[in-house]
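Here is how the chains run, residue by residue.
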Amino acid sequence: VSAKVGDPTFTLSLTGTGFVQASIAQWNGAPLGTTFVSSTQLIATIDAGRLILPATASVTVVNQVPNGTPLVSNALTFTINPVTPVITSLSQVTATAGSPAFSLTVNGSGFLTLSFIQWNTSVLTTHFVSATQVTADVPASLLAQAGTAAVMAVNPGNNTSFAFTFTINPAPPPAIGSLSKTSATAGDPAFTLTVTGSGFASGAAVSFGSTALTTTFVSA
């Protein structure tokens, strides 16, 4: 009389009385693929597509009567129970502020095709791999500032895992290692200066004396 969200297709045995060759099992009034076994038993196929959300279903049997009103049995309730996901590990648990977007692999159990990963209050684009693994796209915008994020898996019915903490570490201060040229002659035409070093972030600006120059980010 019950199954879990995400269960595969299965056969349901119905026991009762008054079943005939033309009897049809119904799921919330919709006909199921039904096999007649005897006047006291039917077998019905419950497709996995009916088990994707927590719910209850009314199971009945209808006997078709030639030139008459179909005879419908009493109803029994079938329950589709929710599944709570569990996160056991993440492919990485830290990043540096200003890091580019990346794909986060989430390992655990109880993941479903409709599961999604939540980053604090943001829902991430999530890709189902298996019941024990999903991947999620973490955009650069969520990595812009140092801090922590609560990473959770959410299943249909808003069944949410315990949170894993992801830490966004402060970016190190930029350091200049070299310039493409270190001198020019008064009156020289404009030129492009390449600055090489470390800790550069998108949006960084090079200053020339006290003047901020138009800067193109190439890499960290």
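Since we're looking at a predicted model, the values are computed, not measured. (Residues numbered from 1 in each chain as written. Predicted model: local features only at pLDDT ≥ 70, side-chain atom pairs only at ≥ 80, totals over all residues. Heavy atoms only, no water.)

K.L.:
What is the right way to read the overall build of the protein from this model?
P.N.:
Scanning the protein from N- to C-terminus turns up 0 helices and 23 strands. By its C-alpha atoms, the protein is 105 × 35 × 20 Å across when sized along the principal axes. Long-range pairs, those at least 24 residues apart, make up 53% of the contacts in the protein with a sequence separation of at least 6. Summed over its atoms, the accessible surface of the protein is roughly 12,800 Å², and 57% of this surface lies on carbon and sulfur atoms. (Helix = DSSP H or I, 4+ residues; strand = E, 2+ residues; numbered from the N terminus. Contact = heavy atoms within 4.5 Å. Areas by Shrake-Rupley, 256 points an atom, 1.4 Å probe, with all protein chains shown as cover.)

K.L.:
Is there a simple way to think about the pattern of salt bridges in this case?
P.N.:
In a structure, side chains of opposite charge can pair up when their charged atoms sit close to one another. Counted under the stated rule, the structure contains 1 salt bridge. Across the salt bridge formed by Asp7 and Lys4, the nearest N and O atoms sit 3.8 Å from each other. (Salt bridge = Lys/Arg side-chain N within 4 Å of Asp/Glu carboxyl O.)

K.L.:
Help me out: how do you make sense of the sheet that holds strand 15 (residues 125-130) in this one?
P.N.:
Pairing between the strands of a sheet is mediated by backbone hydrogen bonds and can be parallel or antiparallel. The sheet built from 4 strands is open, its strands ordered 10-12-16-15 with antiparallel pairing. Taken across any chain shown, the strands that pair with only one partner, and hence form the sheet edges, are strand 10 (86-90) and strand 15. Within the sheet, the average angular offset between the axes of one strand and its neighbour, ignoring direction, is 30°. Where strand 10 lies against strand 12 (residues 102-109), 4 bridges are found, and the strand directions are antiparallel. Within strand 12, the residue paired with Ser89 across the bridge is Asn107. (Pairing = 2+ DSSP bridges. Axes fitted to C-alpha atoms, helices over the stretch in contact; angles between N-to-C directions.)

K.L.:
Any chance you could explain the sheet that holds strand 6 (residues 41-46) here in plain terms?
P.N.:
With antiparallel pairing, 3 strands are arranged side by side in an open sheet as 2-6-5. Here the strands that pair on one side only, and so sit at the sheet edges, are strand 2 (10-15) and strand 5 (34-38). Within the sheet, the average angular offset between the axes of one strand and its neighbour, ignoring direction, is 25°. As defined by bridge partners, strand 5 adjoins strand 6 across 4 bridges and the pair is classed as antiparallel. For Thr34, the partnering residue across the bridge sits in strand 6 and is Ala44.

K.L.:
Explain the nonpolar core to me, please; I cannot follow it from the model alone.
P.N.:
Most often, soluble globular proteins keep nonpolar side chains buried together rather than apart. Core analysis: the largest hydrophobic core is formed by 20 residues, its most contacted members being Leu104, Val106, Ile117, Trp119, Leu143 and Phe166. Elements with a minimum of two residues in this core: strand 10, strand 12, strand 13 (116-119), strand 16 (133-138), strand 17 (147-155) and strand 19 (164-169). Excluding anything up to four places from it in sequence, Leu143 contacts Ala95, Thr96, Ala97, Gly98, Ser99, Pro100, Phe102, Trp119, Val138, Phe166 and Ile168. Ranked by size, the runner-up nonpolar core spans 19 residues in total, among them Val5, Leu12, Ala44 and Val83. (Core = buried A, V, L, I, M, F, W, Y, C linked by side-chain atoms within 4.5 Å. Buried < 20%, exposed > 50% of the residue type's maximum accessible area, 1.4 Å probe, protein only.)

K.L.:
What am I meant to see in the layout of surface pockets here?
P.N.:
Empty space left among the atoms is revealed by rolling a probe the size of a water molecule over them. Within this model, the largest pocket holds a volume of roughly 890 Å³. Taken together, 30 residues line the largest pocket, and the ones lying closest to its centre are Leu193, Thr194, Val195, Val206 and Thr215. If you list the elements that add at least two residues to the lining of the largest pocket, you get strand 20 (175-179), strand 21 (195-198) and strand 22 (207-208). In terms of residue class, the lining of the largest pocket is made up of 18 nonpolar, 11 polar and 1 charged. In this structure, the second largest pocket encloses a volume near 380 Å³. (1 Å grid on protein atoms, 1.4 Å probe; cavity = no way out; pocket = protein on both sides within 12 Å on 5 of 7 lines; lining within 4 Å. Points joined across faces, edges and corners; volume = space filled by probe spheres on them. Nonpolar A, V, L, I, M, F, W, Y, C, P; charged D, E, K, R; others polar.)

K.L.:
What exactly am I supposed to notice about unusual backbone geometry here?
P.N.:
In most cases, non-glycine residues show a negative phi, while peptide bonds are predominantly trans. Even without being a glycine, Asn28 presents a positive backbone phi close to 50°. Within the element layout of this structure, Asn28 appears in the loop between strand 3 (24-27) and strand 4 (30-31). For Asn120, which is not a glycine, the phi torsion comes out positive at approximately 55°. Topologically, Asn120 is positioned in the loop between strand 13 and strand 14 (122-123). A residue is classified by how much of its surface remains accessible, and Asn120, at 34% relative accessible area, is partly exposed.

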